[in-house]
Amino acid sequence: MTKRIGFFTRILDDAEPGMRYRLAREQIVHAERLGFDTAWIAQHHFNRDEGGQPSPFVFLANVAAVTSRIRLGTGIVTLPLDEPVRVAEDAAVLDHLSGGRLELGLGSGGTASSFAAFGLDSAERGAIFGGKVATLRRALRGEPLGGGNRLYPDAGTLDRRIWQATFSAAGGARAGEAGDGLLLSRTQPRPQGRPDLSLAELQLPIVQAYHTALPAGAAPRILASRSVFVADRGAEARRLAETGLRRVAAHFAAQGHVILGDSLDDLLRTFDSHVGTPDEVAESLSRDVTLAHASEVSVQVHSIDPPHPAILRSIELFAAEVAPALGWREPTRPALARVV
């Protein structure tokens, strides 16, 4: 089953901000050159280690200027922390600048500490999100916004390119009922006392709820993001993965999260990561049953976060070898032989 393939970045390269943005832009340009269909970026406020980009529309406008085909997605805009009419305006401008390439991913946000800086209570983010989504939709559809105002520039078909991110079946149903796309995370929290649950056990109920709620005749749009790092040599892939995953595991353990063990394989299971040579990664992804339901698979190197040249090579190997091996795209000429 062919699928769209995407590249996702939280913009976490180990560099100062300007260089981080330039490296991420280069990675997206590289992905477009290799036939990726979409590029997605995250929005995070304040925390350098959580994510390096609080202003996704600004960054994607810069990327739009140096790309021509790849679709540009927000994964996600934390809508409770934004003014929905302004989000609609920025999204519409970016969509016009990019030639209609924007995919508008939205979510309620997961970093509780960020809400205080905006004078909000994170416990109320669900209700805030619902109200702001409704306002955003009215704006994108050109409906009256008060005072005789309507959105300018117009948003065209952008209201039909909304995606919702969620960790819950209720959220999947909400996205389906609205006819929106569904964004599934690369990993997600396990319920209390069940740290061993697989990602599929957590996400398949979300997918089912989404399909059940989707209006008759509406085509499902399901993007599954996955942590994927591919290298020419398995030993090198595992070495870089261990460096990154041990760093993030220490941070998670300090916050009280359960780590499934101390070996690298334990860390790979804890953080739902697919690491190795193209054959190894293809075999690992083939066991992820949620992916059979996805119309698009978007790959990211977090929380491994290898050096920039290794990210570029991983993008090449995924496009040239992994995706074709899984039947997600037609085989292309092999990537240039290069050892990372």
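The preceding data block contains the structure.
Before going into details, it helps to say that this report is about the structure given with it. (Residues numbered from 1 in each chain as written. Predicted model: local features only at pLDDT ≥ 70, side-chain atom pairs only at ≥ 80, totals over all residues. Heavy atoms only, no water.)

**Notes on the side chain of Ser-225**
With respect to the secondary-structure elements, Ser-225 resides in strand β7 (residues 222-230). For Ser-225, a relative accessible area of 4% puts it in the buried group. Sequence-distant contacts of Ser-225, that is, excluding residues within four places in its chain, are made with Phe-8, Leu-184, Ser-185, Arg-186, Ser-298 and Gln-300. (Helix = DSSP H or I, 4+ residues; strand = E, 2+ residues; numbered from the N terminus. Buried < 20%, exposed > 50% of the residue type's maximum accessible area, 1.4 Å probe, protein only. Contact = heavy atoms within 4.5 Å.)

**So, the packing of aromatic side chains**
Within this structure, the stated rule accounts for six aromatic pairs. Members of the aromatic cluster, each reached through a chain of ring pairs, are Phe-36, Phe-318 and Trp-328. (Phe/Tyr/Trp six-rings, centres within 6.5 Å; stacked < 30°, edge-to-face > 60°.)

**Considerations on the nonpolar core**
Counting residues in each nonpolar core, the largest one holds 77 residues, and the members touching the most others are Phe-36, Leu-104, Leu-106, Leu-140, Phe-229 and Phe-318. For this core, the element with the most residues is helix α11 (residues 308-325), which contributes eight residues. If we skip the residues at most four places from it in the chain, Leu-106 touches Ile-76, Val-77, Leu-79, Phe-129, Val-133, Leu-136, Ile-162, Trp-163, Gln-164 and Ala-165. Counting seven residues, the second largest nonpolar core, distinct from the first, contains Trp-40, Ile-76, Leu-183 and Leu-223. (Core = buried A, V, L, I, M, F, W, Y, C linked by side-chain atoms within 4.5 Å.)

**Some words on the packing of helix α1 (residues 17-33) against helix α2 (residues 56-64)**
Contact geometry for α1 and α2: axes closest at 10 Å, N-to-C directions at 50°. Judged by the angle between their axes, α1 and α2 are oblique. Along this stretch, α1 crosses α2, giving a crossing that reads as right-handed. Contacts between α1 and α2 involve Tyr-21, Ala-24, Arg-25 and Ile-28 on the former and, on the latter, Phe-59, Asn-62 and Val-63. (Axes fitted to C-alpha atoms, helices over the stretch in contact; angles between N-to-C directions. Parallel < 35°, antiparallel > 145°, perpendicular 65-115°, else oblique. Left-handed = near helix turned anticlockwise from the far one by under 90°.)

**A look at the pairing of strand β3 (residues 71-78)**
Each regular strand carries side chains that alternate between the two faces of the sheet. With eight of eight residues buried, β3 lies mostly within the body of the structure. With α2 bridging strand β2 (residues 38-41) and the parallel β3, this β-α-β connection has right-handed handedness. Where β3 and strand β4 (residues 102-107) come together, five bridges link them in parallel fashion. Across the sheet, the residue bridging to Val-77 is Leu-106, located in β4. Read from β3 through helix α3 (residues 84-97) to β4, the crossover connection turns out right-handed. (Right-handed = clockwise from strand over helix to strand, strands pointing away. Pairing = 2+ DSSP bridges.)

**Re the pattern of salt bridges**
Applying the stated criterion across every chain, the model contains 22 salt bridges. Measuring nitrogen to oxygen at the nearest pair gives 3.6 Å for the salt bridge that ties Glu-50 to Arg-10. Taken together, the residues Glu-50 in the loop between β2 and α2 and Arg-10 in the loop between β1 (4-9) and α1 connect sequence positions 40 residues apart. Note on Glu-50: relative accessible area 25%, which makes it partly exposed. Its salt-bridge partner being Arg-313, residue Asp-232 comes within 2.8 Å of it at the nearest N-O pair. In this pair, Asp-232 is assigned in the loop between β7 and α8 (234-254) and Arg-313 in helix α11, connecting sequence segments 81 residues apart. (Salt bridge = Lys/Arg side-chain N within 4 Å of Asp/Glu carboxyl O.)

Limitation: the analysis is restricted to geometry and does not speak to function.
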